[in-house]
Structure formats: C-alpha cells, structure tokens
Amino acid sequence: MTTAEPYVPELYVPKGSAANAQYVVDIDPKRAGWTHSSLRVVELEPGGTHHFTTGDSEWIVLPLSGGCTVRIADEEFQLLGRESVFAGVTDFAYVPRDAQAKIASGAGGRFALAGAKCERRLPARYGPAPEVPVERRGDGTCLLPHARTTSRGGTPTVRNFASADAFTCDKLIAVEVITPGGNWSSYPPHKHDEQRPGEEAELEEIYYFEIDGPNGFGYQRVFPSREGGSDVLAEVRSGDAVLVPDGWHGPSIAQPGHDMYYLNVMAGPGGTREWRICFHPDHVESTGGYR
C-alpha cells in the first residue's frame, strides 16, 4: 500500500492555467491549498450574463474593464466601471454569502470576483468610486506594500477599496496596486503568515496581474520565512497570478515603460479582520524605513 503524496499547489499561476468554462481565472481554496481566499475573473460579451452562487463565501464584484449590473434577490446595483484597470478607481458591489447573484453587461467587459470564506452574512451593498479612500504613499522609486500609483501623473497614490478600515466585510480584504514602469512596490518585503495579536495577522494572499501595453512584464518575489516555506521568483504578464500562502513577499517590479497592475485578495482564520504585517528587518534597515 502506498501513501498518497500531499497536494502542493503551484504558487505561480500562468494565464490560462486556472481557466474553465465559466472563468478565465478561477482560484478557490482547494486549488490554492488553503482555507479562505478566492479569485475569479469572468469575461462577458456584449449583452452577456453570468449567474453564480456565493455559497459559504462573501464576494466583491470589481470591474476590470467595462460596466455591469449586479442583481442579488430584489436588489440591483449599477456599476459604471472603467475603461481599464489603469484608468482609475472603480465602483463595486458586495455580494453576501448564501446568495444567488447575476452579473449582466450591455457593452461587455471583464469582471473580478474577489472572495473569502466567512461566517457572517452581511447585507449586499454598493461601493461608490468617489468613496474609495485615496492616499499618497511611497518614496522615490519604491512604494509601500499595496501602494498604488500611475506613471502618467507620477504621484504615488493608495486606493483601498476594500481594506480592513475602509469597507466592512466579514473576512475579505482586497486592494488594487499600480506600480509605474521602472519602479518597485511591495518593498521592503513583508509577511503576514502568523497570528500574533497586535503585531501580525495570518492572511492568505492572491496577486492577480495586468501589464499596460503589449509585451509588458514584471517580476514578483516570494521567499521563505520558515524552513520549507514558499519560494517564488516569477516573470508575470497580463492574466498571471501568484499565490502567497506564507513567506516574505516583495518586491513587485514593473518593466520600464509598462505600468504594472495587481489585485490583492486576502483573508485568513483570525477572529478579527485586520491587515497587520511584519517587514523583513534586513531590508527595512537598508531603506531607512518608510516615510
């Protein structure tokens, strides 16, 4: 009798490798080898619709390109969306667990579904784009973890559409990042793979990437925080994803001339929904810390 080898997920998820008949990206806890975080991306033709059941997870419908309506029971939210992920902040819709939802798009588009297994059933809600908190953050060519900027204006900005202190969810934390071409973000490397009250929260994280312009690429680093931990150095292109079950992650590096976008989806087993991270001590000292 032989013993089955334990399932070890691939942490670098190239475009198309997590696709199925419904989604161009479908990463659930089973595929990722963890317990909470999920990401789906659905593409709709003009006039297209998509039905999904939320099950034991809460979801945010986030337009990547185009607009849509989201219907949950007798509630309907109109999402104006945006031309692309590089065009700015978008509105979004929160869909609770134990619900049936329908996405419909007259003009067509691409829509991310960021999800997290949860316990509480919160009300369905609309997230207006003007209410997304925006802050300036970063220093020179290095940006704080999950800082968002655009090289078109050159001003580092943070857009926390579903951060722990900006929008109420039960478990889900989700933010967007745009790193200008030729710049670094998620630096110094940081981790959130231990539950240490007041210091660090255990969070599973998905990075989903898009690159501005043809043939653009970037790099994502994850390295071990413990013996046998996660270790990835991936060249990423539009449609790729990287899973971070544990370990130090960062920097995220954008090719000169090509802005790099990533959507971060996080959730974990902690009783309190919070984003608490620990910076790698060697790299914090070398940068003089963040200002």
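Note: the structure precedes this text.
Just so you know, these numbers come straight off a predicted model, no measurement behind them.

Caption draft 1: Focus on the side chain of Thr 69. Here Thr 69 is to be found in strand β5 (residues 57-72). Non-local contacts of Thr 69, meaning those with residues more than four positions away in its chain, are made with Glu 76, Phe 77, Gln 78, Lys 102, Ile 103 and Ala 104.

Caption draft 2: Expanded view of empty space enclosed by the protein. Per the stated rule, a full pass over the model turns up one cavity of 30 Å³ or more. Estimated volume of the largest cavity: approximately 80 Å³. Lining the largest cavity are 14 residues, and of these Leu 203, Gly 268, Thr 272, Arg 273 and Glu 274 lie nearest its centre. Residue composition of the lining of the largest cavity, grouped by class: five nonpolar, four polar and five charged.

Caption draft 3: Structural detail: the sheet that holds strand β14 (residues 173-179). Reading across the sheet, the five strands line up as β1-β20-β17-β22-β14 and stay open at both edges, with antiparallel pairing between neighbours. The open sheet is flanked by β1 (12-13) and β14, the only strands paired with a single partner.

Caption draft 4: The packing of aromatic side chains, seen in detail. What the rule picks out here adds up to 10 aromatic pairs. Aromatic ring contacts, followed pair by pair, group Phe 92, Tyr 94, Phe 161 and Phe 167 into a single cluster. Residue placement shows Arg 125 over the ring face of Tyr 94; its charged tip is 4.4 Å from the ring centre. In this structure, Lys 191 is placed above the aromatic ring of Trp 248, and the distance from its NZ or CZ to the ring centre is 5.7 Å.

Caption draft 5: Region of interest: the layout of surface pockets. One number sums up the size of the second largest pocket: a volume of about 150 Å³. Lining the second largest pocket, in full, are Lys 15, Gly 16, Val 24, Val 25, Glu 43, Arg 110, Tyr 208, Glu 210, Ser 238 and Gly 239. Of the residues in the lining of the second largest pocket, the class split is three nonpolar, three polar and four charged.

Reading the values: the criteria
- Residues numbered from 1 in each chain as written.
- Predicted model: local features only at pLDDT ≥ 70, side-chain atom pairs only at ≥ 80, totals over all residues.
- Heavy atoms only, no water.
- Helix = DSSP H or I, 4+ residues; strand = E, 2+ residues; numbered from the N terminus.
- Contact = heavy atoms within 4.5 Å.
- 1 Å grid on protein atoms, 1.4 Å probe; cavity = no way out; pocket = protein on both sides within 12 Å on 5 of 7 lines; lining within 4 Å.
- Points joined across faces, edges and corners; volume = space filled by probe spheres on them.
- Nonpolar A, V, L, I, M, F, W, Y, C, P; charged D, E, K, R; others polar.
- Pairing = 2+ DSSP bridges.
- Phe/Tyr/Trp six-rings, centres within 6.5 Å; stacked < 30°, edge-to-face > 60°.
- Lys NZ or Arg CZ within 6 Å of the ring centre and 35° of its normal.

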